[in-house]
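For reference, the chains in residue letters:
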Amino acid sequence: MTAFLDVETSLTGRRWVGPTIEQERLAEALRQQAGQPPAVAQVLARRGVTPEAAESFLAPALRDLLPDPMSLRDMAPAAERVLAALTAREKIAIFADYDVDGGSSAALLLDWLRQAGHDAKLYIPDRIDEGYGPNDAAMADLAKTHTLIICVDCGTLSHGPIVAARGADVIVLDHHLAGADLPDCVAVVNPNRQDESGDLGHLCAAAVVFLLLVELNRRQRAKGITGPDLMAMLDLVALATVADVAQLTGVNRAFVRQGLTVMGRRARPGLAALSDVARLDRAPTSYHLGFVLGPRVNAGGRIGQADLGARLLATRDPSEAQTLAKRLDDLNTDRRDIEAQVRDAALAQAETRGLDGPLVWAAADGWHPGVVGIVASRLKEATNRPAVVIGFDGDDGKGSGRSISGVDLGASIQRLAAEGLLVKGGGHRMAAGLSVTRDMLEPAMARLAELLGKQGAGEAGPADLRLDGLLMPAGATPELIEQLEAAGPFGAGAPAPRFVFPAVRIAYTKPVGDGHLKLSFTDGGPVTIDAICFNAQQSGLGPALEAHGGRKAHLAGRIEINHWQGRQRVQLRLEDAAWA
């Protein structure tokens, strides 16, 4: 396939790939038959949306897409046990993972139970001292004072810890890949059980919890009891779906679209306070969930107190919310500093090892376990390959991995654990965690690379940049951006549209912040577009564009609205460039 605009090697060393002939034909049909603007038609065509399906795709209705909760195995015993605990006024504990999905899942349950007149205990393990998921000591301790323990975003592989919870019933609400045998408990509700169809395998744990709440409300309604307003809880489902990098397809699109609407009302004190400390002064988008709010919720579990995020999301006290949000914002700043140090060292190590194989990985002593997952994401984004980053404490290493579309990392990690190459490991398609001993590191990574290579990892060019089409400065309007947003939300499995402004002249450049670059450009017409290029010095774009010498350039990136001092202007988030 010919490179888009004949750009075989851009200023960052990438090859540009444009729409296929089939996508161009579909885009033309969307323009003619569905009346879609050209740029929107290009985005829909990339998603495979036909003219007949365009209207329903652009306005996904939850009522049409929501699966029947009872289609998930063990949903009935889970719902029955929760309602029995409510009726008998039993003591309930919620054991949650320390990330955004775990915190959101816990907050959903705490919120629903509170509105039903029942308070539950929240328990989130410390990432460093206890590690991921239920452990024997914590579960045994909770079982002494609670008769029902609900594990959210964890528990599917926790056979021993669940046995340790003697005297208490256990329910697991999870989405991580399951093994051949399930733990002995009341229910394991998990769309990624081996005996499930896999049709709902893209759901995050918060979405699984939401389906349980739908079933609880339905059973309560049959008894004449009005349950809590579940639509008002979709803000948490949306946050978890985006932050956990769940595929934005099917019902997940509806969860996020409607959840963003709910979040815009600022009715949840925790998210309102977090938006304020993050200086988010407009209606949130999926970008803000993944890159502004999500990292702050995660900060407590990464380098601070593990339960801060869940407590923030669950609280109804605005004063407590402000205190927790400020603490998380401070921790997020600390996290960024730690991450930067590990990222630079990990990238240098990975480059030395080579970036053209099916797996990119790095490991070293003292790397904070709270940032290895983020650094793995950075390596994945830089190389278009699955990435694993591991921090060692003595002979024991804890790591996280992130995958690319079409490559199931969780299944491969789980297989390594079954083969004895890892102490333990698990996850889902796009993300996984693992523990490994120092002497098994090299053979484990070699075997993982082999397994990922069989799935096609490493076949895509590491430098490919996929583009949706061309755009002229005069066509980059706020109205167009609003139309493009209707084709969202954008995220995993649904990347935000990326356009090229061809053969434009750079009118102005200015270094800003820590290695970023501001610039403006024009095609000679009446419209000048501003642009921001983050990490421009690191990528090499900054020095090249500053020394443009009047040359025309193709500029590629995503268009957005820049809100500044009450004004709105179209801005290009510049990702790459090539000389025209």
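Each remark here, short or long, concerns the structure printed above.
Residues numbered from 1 in each chain as written. Predicted model: local features only at pLDDT ≥ 70, side-chain atom pairs only at ≥ 80, totals over all residues. Heavy atoms only, no water.

## Quick word on helix α6 (residues 100-115)
- End to end, α6 covers 22 Å across 16 residues, agreeing with the expected 22 Å (1.5 Å per residue, within 8%).
- Regarding α6, its N-cap is D99, as a side-chain oxygen of that residue lies 3.2 Å from the backbone nitrogen of D101 further along.
- Once α6 finishes, G117 follows within two positions and takes phi at roughly 85°, a positive value. (Helix = DSSP H or I, 4+ residues; strand = E, 2+ residues; numbered from the N terminus. Expected span 1.5 Å × (residues − 1). Polar contact = N/O pair within 3.5 Å; in protein donor to acceptor, adjacent residues only side chain to side chain.)

## Thoughts on the sheet that holds strand β11 (residues 431-437)
- Overall, mixed pairing links the five strands, which are arranged β7-β8-β9-β11-β10 in an open sheet. A strand with exactly one partner marks an edge of an open sheet, and here the two such strands are β7 (360-365) and β10 (424-427). Across the sheet, the mean angle separating the axes of adjacent strands is 15° when strand polarity is ignored.
- Two elements, β10 and β11, share four bridges in a ladder whose sense is antiparallel. Paired with G427 across the bridge in β11 is A432.
- The sheet contacts of helix α16 (residues 372-383) involve β7, β8 (387-393) and β9 (396-402), and relative to β9 the element is tilted by about 45°. (Pairing = 2+ DSSP bridges. Axes fitted to C-alpha atoms, helices over the stretch in contact; angles between N-to-C directions. Contact = heavy atoms within 4.5 Å.)

## Things to note about the pattern of salt bridges
- Per the stated rule, a full pass over the model turns up 36 salt bridges.
- Between R415 and E419 there is a salt bridge, and its shortest N-O distance comes to 3.1 Å.
- Among the residues examined, E419 registers a relative accessible area of 37% and is labelled partly exposed.
- R558 is paired through a salt bridge with E575; the nearest N and O atoms lie 3.0 Å apart. Placement of R558 in strand β17 (residues 552-564) and of E575 in strand β18 (residues 567-579) is noted, with a sequence separation of 17 residues between them.
- Judged by its relative accessible area of 22%, R558 falls in the partly exposed class.
- Through salt bridges that share partners, D68, E80, E215, R218 and R219 make up one connected network. (Salt bridge = Lys/Arg side-chain N within 4 Å of Asp/Glu carboxyl O. Buried < 20%, exposed > 50% of the residue type's maximum accessible area, 1.4 Å probe, protein only.)

## Here's the deal with the pairing of strand β15 (residues 516-522)
- For β15, a buried count of six out of seven residues is recorded, marking the element as mostly surrounded by other parts of the structure.
- Across seven bridges, the pairing between strand β14 (residues 499-512) and β15 is antiparallel. Bridging across to β15, V512 finds its partner in H516.
- Turn length for the β14-β15 hairpin, with the two strands adjacent in sequence and antiparallel, is three residues, and the turn residue G513 shows positive phi of about 60°.

## Examining the nonpolar core
- Among the nonpolar cores identified, the biggest contains 81 residues, and W112, I150, V152, L173, L213, L239 and F255 are the most heavily contacted of them.
- Considering every element that reaches this core, the biggest residue donor is helix α9 (residues 205-222), with ten residues.
- Among all residues touching F255, those that are not within four sequence positions of it are L62, L66, L203, A207, F210, L234, V237 and A238.
- Ranked by size, the runner-up nonpolar core spans 40 residues in total, among them F490, F501, L555 and I559. (Core = buried A, V, L, I, M, F, W, Y, C linked by side-chain atoms within 4.5 Å.)

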